[in-house]
Protein chains: 2
Amino acid sequence: MIGGTTTVDEENPMTVASDLAEVLGDRLSRTPEDLQSFAGDSSRAQPEGMPVAVVHAESTADVSATLAWAYANGVRVSVRGAGTGLSGGAVAYPGGLVLSLARMNRIRRIDEVNRLADVEAGVVTSDLDTAAKEHGLFFPPDPASARTSTIGGNIATNAGGLRCVAHGVTADSVAALEVVLADGRVLHTGARTRKNVAGLDLTSLFTGSEGTLGVITAATVRLKPVPAGEPRTFRVGFDRMADAGRAVTAIAALPTPPEVLELIDAYSVEIIESYQPSGLTVPGAAILVGQTVGPGAQAQAEDIVEVCRRHGATDSDIAESDELIEARRLANPALTARGLRVSCDVGVPLSELTAVFEGIEEIARAHGRRVSTVAHAGDGNLHPSVQAGDTREEHEAAEAVIHDITRLALSLGGTVTGEHGIGSLKLHELSWQLDDTSRQVQAAIKSALDPRGILTPGRGI
Amino acid sequence: MIGGTTTVDEENPMTVASDLAEVLGDRLSRTPEDLQSFAGDSSRAQPEGMPVAVVHAESTADVSATLAWAYANGVRVSVRGAGTGLSGGAVAYPGGLVLSLARMNRIRRIDEVNRLADVEAGVVTSDLDTAAKEHGLFFPPDPASARTSTIGGNIATNAGGLRCVAHGVTADSVAALEVVLADGRVLHTGARTRKNVAGLDLTSLFTGSEGTLGVITAATVRLKPVPAGEPRTFRVGFDRMADAGRAVTAIAALPTPPEVLELIDAYSVEIIESYQPSGLTVPGAAILVGQTVGPGAQAQAEDIVEVCRRHGATDSDIAESDELIEARRLANPALTARGLRVSCDVGVPLSELTAVFEGIEEIARAHGRRVSTVAHAGDGNLHPSVQAGDTREEHEAAEAVIHDITRLALSLGGTVTGEHGIGSLKLHELSWQLDDTSRQVQAAIKSALDPRGILTPGRGI
């Protein structure tokens, strides 16, 4: 364990945490209901034991007091917003503290002229987007979970989502951060200017660090103007995955990217439709669903459909309705409900989309398993999933499929995680992608900022 | 000195560096000409003494050998590409080594499908742009010095430039890095994918770290498609700086930014025109010069001119020629030639442009000095300059003007450096912007990665 952290006496958690309770009052909860419901996240990772307490922080001072106490006492801390993470990064440590930022949910300011918003970490992502729209602006990051996930969690994992193909990842929209360090000190990073090179880029370092270096309590994020006109949603069907892959690579060569470009394979469409009928027609192999915006939305959608036709598309339509995009957002709950809980989050260069789709088909055949693939196709970011099963053997067989897919993505110059992060579930995969020097540099930075290793230890890096 | 670094015996540099010379052969130079010409950079910072040797690295292995030797011997290393830095970051240390990457200038690959280029650090920025254009792509970062500065230096300082208003800073175009660490180990960061959240974002950490954490030897950078059609260059004159400021803020509220949006005040136009006549008409107070691109370039330029007219513009024109943009690039050499060598690189939020312009006028009056202001106006990034003078008193008087402007920018929520970096010249200003916690975190990271403090010590952070 990094820095020789010890955990508090699990037998007497009440005694040990009582001095923190004095500071926090009823923001520190030890009810069995809270301990239970804040122990896990939205991944398949299970806590190895119960935490001693849940801190419902309402201010930066609460977070600072909590970490100063945890640091002094060598207590491990897991950090969470809405608990929508899919990599087990927010799962509680046995005898640890759970630090929840969900109550820090104020939008402090929307600065229309500079297109910035000052928000607390617990603001729900789509709430910020809604508030920005009142100023003719929007918040570009749009994870599929935007209606429940929080900005702090989005930043801590450098979340992706549906609009990355046009606007980049969450990191591209972060201007400045307020971070509480492991020992309780408060750090401010970044600036309100467009450009700022004073000192190291700590904003980017903390973004995506998955709670290992500090706890993000507030952020200044960048907004963009809402495009004029009505968006168009396009749907294109393919009989072969490889054709869909070639079509996406060709769409990427167009001068302007669409706002959204998602792929849902036939198996996933079937599962979404049986979970909640959404008007998705089950295709031969896969559909591309996407959106174009701005004054040229219709013409751009037509161009994209035309490119798809040249690459073997079997049918298509263009509509003004958002319905199909909303149907795409149902993929994760629908797959989870059907038991497809073993999944990954690989990324490949866009040139390798056809290769990865063909490879997944081969892997599915070799394992005799059905693989569902939903992808942020325009970014080359795929979420293949398989049925978890009930027994340990079944689970291991499922993991073996996903491991093969992950290795395939890496062999194509890819990444083990495009947007969900490493958390606890993918830690064993990190060394598949990063060499010893990279791991050592990350450990050195972790150790420099959290020498006692209390913040999300053993995860993320 | 960080990590207790010692320098080699300045009396006997030949002896001390001879084991490194054995490895590097004639890539290690100790000629007086080389020591002299590689001791300084393009800033007004002067070396405090001569280096012991200049390493003309031709490969990552050369860099690795150099740093391993320097690390083992506690020798300070300054790192340089073309030496175009304006903050003294590349100035030699007395008794130190100069590590030049200028010979590592191969463009290894342009990957058209994924819009990536693999380049060595010493590639001249505009050479990459030219090579990319053969594939219908371009390299967005475009510092005014693009024809001489190198990619490695651009990344190490997170350089800005003329196209940031549309494409962001250099960091926004960096996908992956090859870095040699202080002790000679080679680190690879990032990925060729659009999205990648495996581990800490080391790519962003090293970008802009000004050689303090490692030496960037190669990079994978992002390219964009060349817009269709001919660009348009617009020029708009103003009789009052405040009007120009308001016009820029209004242009920033348009849905699409121009490709370039620069401000040159009357004093600077006068200096540029006398340095090299470029067809810039000297305005009452300032001109905005900018460019629009793509199929709507003419209409967008007209919209911008119209916005300027509503904010008090006195005259304007729109042309297809690049000449005025080229004239803007002459500002730095022209000002330097005229002796306006005391300058800064402040940034302010766009909402504060008028305030900063009015404030600079007040400061100029209060000091009884003329201030030249050239600005990447669309980013709120200003380069005010004043005459350095010959005596120490004159120099201090010049510094006092620039200090007041820097303090003003900070009071408006700004930064002490938008794109030139801290180097050695602005180190005293860093604490004006960053608090102790921020400085401590940066020092902790520096110490974790370079415990002996051999890499660009005492600068940048």
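Small disclaimer: the values here were computed from a predicted structure and weren't measured. (Residues numbered from 1 in each chain as written. Chains lettered and ligands numbered in written order. Predicted model: local features only at pLDDT ≥ 70, side-chain atom pairs only at ≥ 80, totals over all residues. Heavy atoms only, no water.)

Residues and elements named next belong to chain A. The terminal C-alpha atoms of helix 11 (residues 297–310) lie 20 Å apart, and with 14 residues this matches the ideal 20 Å at 1.5 Å per residue to within 8%. Those residues of helix 11 that fall on the buried side of the exposure criterion are A297, Q300, A301, I304, V305, V307 and C308. Summarising the axial view, the buried residues of helix 11 lie within an arc of 155°, below the 170-degree limit, and thus occupy one face. Summarising the contacts, the buried residues of helix 11 are in contact with strand 12 (232–238), helix 9 (241–252), strand 14 (286–292) and strand 15 (313–319). Once helix 11 ends, the next one or two residues include G312, with phi positive near 95°. (Helix = DSSP H or I, 4+ residues; strand = E, 2+ residues; numbered from the N terminus. Expected span 1.5 Å × (residues − 1). Buried < 20%, exposed > 50% of the residue type's maximum accessible area, 1.4 Å probe, protein only. Arc of directions from axis to C-beta. Contact = heavy atoms within 4.5 Å.)

All names here are of chain A. The tally for this structure, following the rule as stated, stands at zero aromatic pairs over all chains. Here the guanidinium or amino end of R370 rests over the ring plane of Y267, the centre of that ring lying 3.9 Å away. Against the face of W432 rests R407, its NZ or CZ located 3.8 Å from the ring centre. (Phe/Tyr/Trp six-rings, centres within 6.5 Å; stacked < 30°, edge-to-face > 60°. Lys NZ or Arg CZ within 6 Å of the ring centre and 35° of its normal.)

All names here are of chain B. Notably, E210 is not glycine yet its phi reads approximately 55°, a positive angle. Along the chain, the position of E210 falls in the loop between helix 7 (202–206) and strand 10 (214–222). You can call E210 buried: its relative accessible area is 11%. A positive phi angle, near 40°, is found at T456, a position not held by glycine. You can see T456 is positioned in the segment after helix 16 (436–449). Note on T456: relative accessible area 2%, which makes it buried.

The next thing to look at is the pattern of salt bridges. Applying the stated rule across the entire model yields 52 salt bridges over all chains. The shortest N-O distance in the salt bridge between R246 of chain B and D243 of chain B comes to 3.3 Å. One end of the pair, R246 of chain B, and the other, D243 of chain B, are both in helix 8 (residues 241–252), three residues apart, so they sit about a helical turn from each other. Given a relative accessible area of 6%, D243 of chain B falls into the buried group. Put simply, R392 of chain B and E396 of chain B hold a salt bridge, and the shortest N to O gap is 3.1 Å. Of this pair, R392 of chain B and E396 of chain B both sit in helix 14 (residues 392–411), four residues apart, roughly one helical turn. Owing to a relative accessible area of 63%, R392 of chain B belongs among the exposed residues under this scheme. It is possible to trace a salt-bridge network through shared partners that takes in R109, D111, D118 and R192 of chain A. (Salt bridge = Lys/Arg side-chain N within 4 Å of Asp/Glu carboxyl O.)

Turning our eyes to something else, we now look at the sheet that holds strand 12 of chain A. Residue and element names in this part refer to chain A. Reading across from one edge, 15-12-14-13-17-18-16 is the order of the seven strands in this open sheet, with antiparallel pairing throughout. Edge strands, defined here as strands with exactly one partner in the open sheet, are strand 15 and strand 16 (342–343). Alignment of strand 12 against strand 15, held across six bridges, turns out to be antiparallel. By the bridge assignment for strand 15, V236 is matched with S316. Against the sheet, helix 10 (residues 266–275) contacts strand 13 (260–265), strand 14 and strand 17 (372–376), and its axis sits at roughly 90° relative to strand 13. Running over the sheet, helix 15 (residues 392–411) touches strand 16 and strand 18 (381–386) and is turned about 160° from strand 18. (Pairing = 2+ DSSP bridges. Axes fitted to C-alpha atoms, helices over the stretch in contact; angles between N-to-C directions.)

Parsing chain A into structural domains produces domain 1 (2–103), domain 2 (107–225) and domain 3 (232–411). Each of domain 1 of chain A and domain 3 of chain A has a C-alpha centre, and these two points are 37 Å apart. (Domains from an automatic or database assignment.)

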